[in-house]
Each structure stands twice: as C-alpha cells, then as structure tokens.
Amino acid sequence: MFHILNVDDLATDFLLDLWNLALVNKGKRNSKLKNKIITNLFYEPSTRTSSSFFSAMNLSGGSVIPINNVQFSSVSKGESLQDTILTMSAMTDAIVLRHHEEGSALKASEVSEVPIINGGDGKGEHPTQTILDGFTIFNSFSESMSNLRITLVGDLKNGRTVKGLVKLLSRFNNNHFNFVSPEHLKFSDKLPNSSYETSDINSVIKETDVLYVTRVQKERGSVYNYELKEEQLLSLPRKSIVMHPFPRTTEIPNSFDSDSRAKYFDQIKYGVWCRQILLEKVLLT
Amino acid sequence: MFHILNVDDLATDFLLDLWNLALVNKGKRNSKLKNKIITNLFYEPSTRTSSSFFSAMNLSGGSVIPINNVQFSSVSKGESLQDTILTMSAMTDAIVLRHHEEGSALKASEVSEVPIINGGDGKGEHPTQTILDGFTIFNSFSESMSNLRITLVGDLKNGRTVKGLVKLLSRFNNNHFNFVSPEHLKFSDKLPNSSYETSDINSVIKETDVLYVTRVQKERGSVYNYELKEEQLLSLPRKSIVMHPFPRTTEIPNSFDSDSRAKYFDQIKYGVWCRQILLEKVLLT
Amino acid sequence: MFHILNVDDLATDFLLDLWNLALVNKGKRNSKLKNKIITNLFYEPSTRTSSSFFSAMNLSGGSVIPINNVQFSSVSKGESLQDTILTMSAMTDAIVLRHHEEGSALKASEVSEVPIINGGDGKGEHPTQTILDGFTIFNSFSESMSNLRITLVGDLKNGRTVKGLVKLLSRFNNNHFNFVSPEHLKFSDKLPNSSYETSDINSVIKETDVLYVTRVQKERGSVYNYELKEEQLLSLPRKSIVMHPFPRTTEIPNSFDSDSRAKYFDQIKYGVWCRQILLEKVLLT
C-alpha cells in the first residue's frame, strides 16, 4: 500500500511509467477497478478535482462515494480528521482527501488503513495536479521534459501548483525558469539553479516554451490579478504552450482559447487520463 | 451531436418516436450506456429532476457525476459558465444543466464539446418536463394528442412548464386551451388559436380532458396560490386526467391522490422512462 | 415488500439469519443487486450512515442516488415528506430515510410504494445501527447474545442507539444492564429486568462484558460529556469489548484505539457487512 502525498515522493520512473501508460490508454474504458470503491472526501469544494477523480474511477469500472462540503456533515458533530479517515477507510479502498489545512494529507496517511491521495491540502501540495501538468508538457514536447524555458506568472507565493511544477521540472536537465510576479507575490520556495525573477512578462514571453499562468488565490488571501492581453499571448513562439490550472478569472482572454498553443482544456482531459492510471496503480498494488 | 435546449427544437417525429420507445420499454434495464458518463450540473437545487436523470441513466447502465449547488463549488472562485461547461465537457459525455438564468442552456451549447440537455433555465424552458408531460397525455389518450380540451390553472405567467406544454399541444389538431388564473398571473406568451381565458375554474372544469395545475412560483416572485377543492376535482369528466409538474403545496388535496384521474405520480415515473430513451438518443447518435 | 422501521419489528430469527449471512459473506462482492437503485434521502447530514449504505449497495452491484441536505432541495419549495417519498418511490427501489423528526420513517412507510429503511429519525430509532451493534456483540462472543453484562454510559436519555440496543439485548437470556449517567441524562425507557443505575462508572467497569459509550448529543440539546480515562478502560476484563456508535468527541482517548478490546472501528466495517445483507433481503423479497 502506498499513498500519494506530495511531489517529492513521486519517483521520476513512476511518473514516466504513469505518463506512458496514460498516453497509450488515452482514457479508454476498462473494468480493472470494477471491484473497487473510493471516497472523495472534500473538506472544501473543488468540482474540477472531485469530478476528475469520479470520471477517472468510472473509466476503469470503479465507484466513488462523493462527500462534498464535509463541513456540513459529521464533522459538525466534532469528529477529528483521524476518526473520519479511519471511518472511511473501514468502508472504502482509498480516500482522495481535499482539505484546507497544510499537512492534513500526511496526517491522514498516518492513521489510514487504505491509500490516501492528496487532492490538495491548503497551501501545501496538490500532487495529482502536478502529475497532469507534467503530462501536458511530456505530451506536448515529444515526451521530453528537458531543455525547456518555463515562464510562471501570477501569484507565485501562494499557488501550490507552481511549487509542485517547479519541483518536478527541476529534476530534468537544462530547464530554465522565469518567475513573473509583483514583489509581494514572489516565489517563496528555493529557486532552481537556472532562474530569473522579474515583474515584466514582456521581457521573457518571446523566450518561453511553457507559459504557466496561475489564478489569483482570493480564498487564500491574495488580491493581485494578472491579465494577459491577447497580443502578448500571440507573441509567444509558435511551438510554445500555454497552461493554467483553472479556474481562471481574467488572466487569459477567451479569445485565445481556440489558439493551438492553449492547452488548458487539454489539461482537464489529461487530468482524467492520468488519474485513471494513478488509481489503477494505487488500488491494484 | 445535438442538444436538447427548448421545445421548439424538438421535432414532432422525434417526440413520437421517443414516446413510442418509452411506451414499449417502460423503464426496463439495459446496458446501452454502460460506457457513458454524464454530469448533472445543477446551479439551483432540483432533487426531482436530478434524481430522474440519475435513475434514467442508471437504467441504461450509465453513470452520473452529481454536481448540486454549484454555488458552493468552483464557481465561488469566479469561474464563468462557459469555462465550467468546457471543463465538464472535457471529462463527461453530456451535461444536464439546471441554471437560474434564462438562456443559459443555449449559452452553454455554444461552447460545449458534448451535448447539453436543458434541465430548466430560470423563466426559460424545461424541455424534458414537456417531454414527460406530453408522454403522460400520449399514454392516457390512446397515443393521440389531438381533440383535447386542456385547462391550465395557476401561475401561468411564470410557469415555464405551462409554456412548454402549450407550445407542444398547439402542434396537434383541434386542441382547445382554457387558461385559468388571476389577472396578474395571466399567460404571457402568444395564445393558441382556440383559447379561453378566465379566472373561474368552475366555468370550465366540467369540459376538461386534461387539467394541468401548477404551483405558485415563490422563488420566482409570485405570491398567489390556487387551492382546488376535492369536490371541484371530482366534477371532472371520468376520462379526464389531472397533472401537476410538482412539487405541489396546497393546489391539490392529498385526498384526490388515489383517484384514477390523478396522474401526477405517474408523471414522475414517466419522466424516468422518457429521460432514459432521450439519453440513449442523445448519447448514441 | 417490508420496511425496516424500528427494532421491535425485527424478528430475532430474521436478525440471526442476517448476522449469520453477514459473518459468512464478510462484505464480499456479488452482483445480486445490479439491477437495483436506492435513494439515500437524508434530511440531516450523516456521512457515516449514508456512506455505509452507499458502500453496502455497491458491494452487491447496486446503485445509490445520494440526496444529502434535503433542506437545500425541493423541500425548500414547500413539499411535504409524503410527496417527496412518493416521488422517490416512483423512481427507485427503496429509500433510506434520515430525518430529524421522530416518527417520520413510519409516516413515510404509510405512503411509500417501495421499502423504507429508517436511517435514524430524530430521537426515535436507528434500527440498522442496532443491527450492526448486535452483530458486533454476536461476532465477539462466539455468536451468543446471552449471559452478558452490558454497561451503557453517557447520554442515555437522548441516545437512540442505547434504546435500540437495550431492546435487542433484552430479548436474550440472562443479560444484565448497568446504566451509567448523571441524573438529568438517565435512561428514560422502561428498564429491563436486571438493571442497575449509577452515575459512577468505576463501580461497574470491572464487571462488564460490553462497554457501550455514547456521545453527548449536542445537536439534540444535551450538554454533558463523559470522558473515560485510559486507566479506566484498561481495567476492563480482558475478554470485554468497547463499543461506540460514533462520531466520538472526547469520550474515549485515541490511545485506547489499538487495544484489542476497542471494537468501534470494527463496528463501522460490520455496518457495511450487515447493511449489504439487509439490502439484499429488503430488495430481493
């Protein structure tokens, strides 16, 4: 039994194997998990993530107990996270946990009798987002993750998806990172070797392979928003890609959606593909 | 790929075929949709409609991602309807959309990559309710939709089910409509050719084949209620039927429920039968 | 067709048969209910109970329409419980009803066209909890339910699980009951023949086979809590068992969880096993 708690725990070989399987399978249906049931235990709402796991589980024939808005449920009777985890692990085969507190997935894994998949723990990690982000790059650049110029823009201080992606891409050779944000939302983790920090997107956009745009995290306390203009996006190299973990507000104009460089809706589809393979790995090991 | 957005888009041949299939199948189980998954995307609560689609999908072996109370979900992070639709259409095979704004289903269909089924859009339409209402009449009058005297009573101004049913029955020959409401809740669409407006139910109830009672739409701003007495209902012709789109408050007394003319619980069952066939048509075309 | 409304309706032979089947089957998967769909109709939240039925139904291949927080649904449009029951019984094969009002399950059964399973009705009953509590004892004491010293502790006035368990165990020979509570939370039903009331747990804990600890029912108006110390629990006889219907707050320290006498997480697993057999009995009869 193993848990999916953070990016550092995911071995590169494991990820490459997962991505290769996802690329071959492309979300095709099977019945490998027809005897399995998982719990979507969501302490804060995340339609996208919970639906993605639901759909992924379904593709392999498995079932999901959807528990959304746990704040309205038994927890209101004063139950600890540990007891809730032990309860759900007594009746299901794995738990996808979304929680507002950093470290909650780790805490859950310490008591659970079944695998815990971290579906986002506050300002902590969101490893399955990193898996799908990585797959999007893997799939867009001929299954290579090296020699890329990655420009990250927006709220780099609070965005857990940025932290995860930087950790992941730092493992591969010769990647360069541009961190674009205002001073008060600067990337707060250790900078990778080849890094450049700026508040001016125009100074780096033309030298970018992967533009990763993040949302202002209103619910985590930031108030800044970054609106990219269509002209700026059109100045990206032809073979670059534009990613966004979604939801977006006004960071990327809708008019860019039909551009072949826009990969943010592909990311959502890839999320299902990757989570399907991940669930098979977690539940059949 | 086609959407189910409004009654006018539903060809009569399409409906007659759907009803005939529903009548033969009667909600029998099959596995035609065992490889399909849809999203119930409900921006306002409607247990009846969402459960009916859930059950219908299940009868054909398919699955449903239940998203209720979208107001508590990612939308609270400021996502547009279009982005939510594109998101869910990247991971499911069709979307049943319930939304408080008129025109939202059309808006959704303009961006979606998968079929949109309008599950009610504010004061707009609710075409699957019209389909099941039509089937109830079809099934009660020997598969004929003509030569009927239809009496519609209650809030005719705001009730979208009334508008849909009038549109549908106007297509068939020799139907006569009685509109019974107080002045301020009068039917506001174009009156059919053979129409009579009154505020006195007693003047028409004995000359009625289909009595269609609607609920006061408190959540859409009306304050009037129409309470039918059991004596009035008993004065209906023996071969007439009484319909109600539900939920009811006090429009029809419970004591009438066991009368053979009361068809409102049959409507609910027929809703599942019809939606099953509709989903098969939408998802297998 | 039969309903599961209260403990008194459950014949002892029925229960012994159910427990024996659950003990043999141990939650193993089958497809006996693959053509069945039930509704989890929960007017108040209960993640544990609703998830247990969901998982149990799934183990036998069936499906569940999850309706949680009915207060946010059609009922807000003023629908009566009876109409909601008739609605759901027109589209599903059974209804698990959780409701805040005592007597609601009985009321539901009087109109329903499908079996009603009482999933807890206010201060009334929670018969499937009693079934799993009974199974826990049955399984822990060599399939015997007699000659036991049962100590019940906590809020004995409001706790419906205590009332159900006392009713059940009173049917078997030579059981003795210790009721431990402060004066204002004393057991309010008729005391069984061999009973002893006290407010001092220490006076009876060493002469106990089954220690049944309940939670303070804040949401039902009590304000007392009973904290057992680890030393007290360790003074229980070696072959005794400790049960709790959960959720717990501070009644039992986490440090006791790994003790072999602690059966409260087993209860959760057994709940799924028993509900699976119960659903098969209810839906296939």
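Residues numbered from 1 in each chain as written. Chains lettered and ligands numbered in written order. Predicted model: local features only at pLDDT ≥ 70, side-chain atom pairs only at ≥ 80, totals over all residues. Heavy atoms only, no water.

Once that is clear, we can look at the layout of surface pockets. The probe, sized like a water molecule, is rolled over the atoms to show the empty space still left. By volume, the largest pocket is sized at about 1200 Å³. Every residue lining the largest pocket is counted, 41 residues in all, and those nearest its centre are A:Gly61, B:Gly61, B:Ser63, C:Gly61 and C:Ser63. Of all elements in the fold, only helix 2 (47-59) and strand 2 (63-67) of chain A, helix 2 (47-59) and strand 2 (63-67) of chain B together with helix 2 (47-59) and strand 2 (63-67) of chain C reach the threshold of two or more residues within the lining of the largest pocket. For the lining of the largest pocket, the class distribution of residues is 12 nonpolar, 21 polar and eight charged. Its boundaries defined by the atoms lining it, the second largest pocket holds a volume of some 500 Å³. Residue assignment for the lining of the second largest pocket shows that the elements contributing at least two residues are helix 3 (81-89) of chain A together with helix 2 and helix 8 (264-284) of chain C. Counting residues per element, the lining of the second largest pocket draws most heavily on helix 8 of chain C, at six residues. Residue classes in the lining of the second largest pocket are distributed as 10 nonpolar, six polar and nine charged. (1 Å grid on protein atoms, 1.4 Å probe; cavity = no way out; pocket = protein on both sides within 12 Å on 5 of 7 lines; lining within 4 Å. Points joined across faces, edges and corners; volume = space filled by probe spheres on them. Helix = DSSP H or I, 4+ residues; strand = E, 2+ residues; numbered from the N terminus. Nonpolar A, V, L, I, M, F, W, Y, C, P; charged D, E, K, R; others polar.)

Okay, the sheet that holds strand 3 (residues 94-99) of chain A next. Residue and element names in this part refer to chain A. Strand order in the open sheet made by the four strands is 2-1-3-4, with parallel pairing throughout. The open sheet terminates on both sides in strands that have one partner only, identified here as strand 2 and strand 4 (116-121). When strand polarity is set aside, the average angle formed by the axes of neighbouring strands in this sheet is 15°. As paired elements, strand 3 and strand 4 share four bridges and run parallel to each other. Following the sheet pairing, Val96 is matched in strand 4 by Ile117. Here helix 2 sits on the sheet in contact with strand 1 (37-42), strand 2, strand 3 and strand 4, set at roughly 175° to strand 1. (Pairing = 2+ DSSP bridges. Axes fitted to C-alpha atoms, helices over the stretch in contact; angles between N-to-C directions. Contact = heavy atoms within 4.5 Å.)

So, about the interface of chain A and chain C. Residue-level contacts link 21 residues of chain A with 21 residues of chain C. A combined buried area of about 2000 Å² lies between chain A and chain C, and 58% of that area is made up of carbon and sulfur atoms. Counting the contacts that link chain A with chain C gives two salt bridges. Our count for the contact surface shared by chain A and chain C stands at six residue pairs in polar contact (both at pLDDT 80 or more). Counting residues per element, the ones that place at least two in the side of chain A that touches chain C are strand 2 and helix 3 of chain A. If you tally residues by element for the side of chain A that touches chain C, the top one is strand 2 of chain A, at five residues. Here the residues of the side of chain A that touches chain C are counted per class, giving 10 nonpolar, six polar and five charged. (Buried area = accessible area lost by both parts, 1.4 Å probe. Salt bridge = Lys/Arg side-chain N within 4 Å of Asp/Glu carboxyl O. Polar contact = N/O pair within 3.5 Å; in protein donor to acceptor, adjacent residues only side chain to side chain.)

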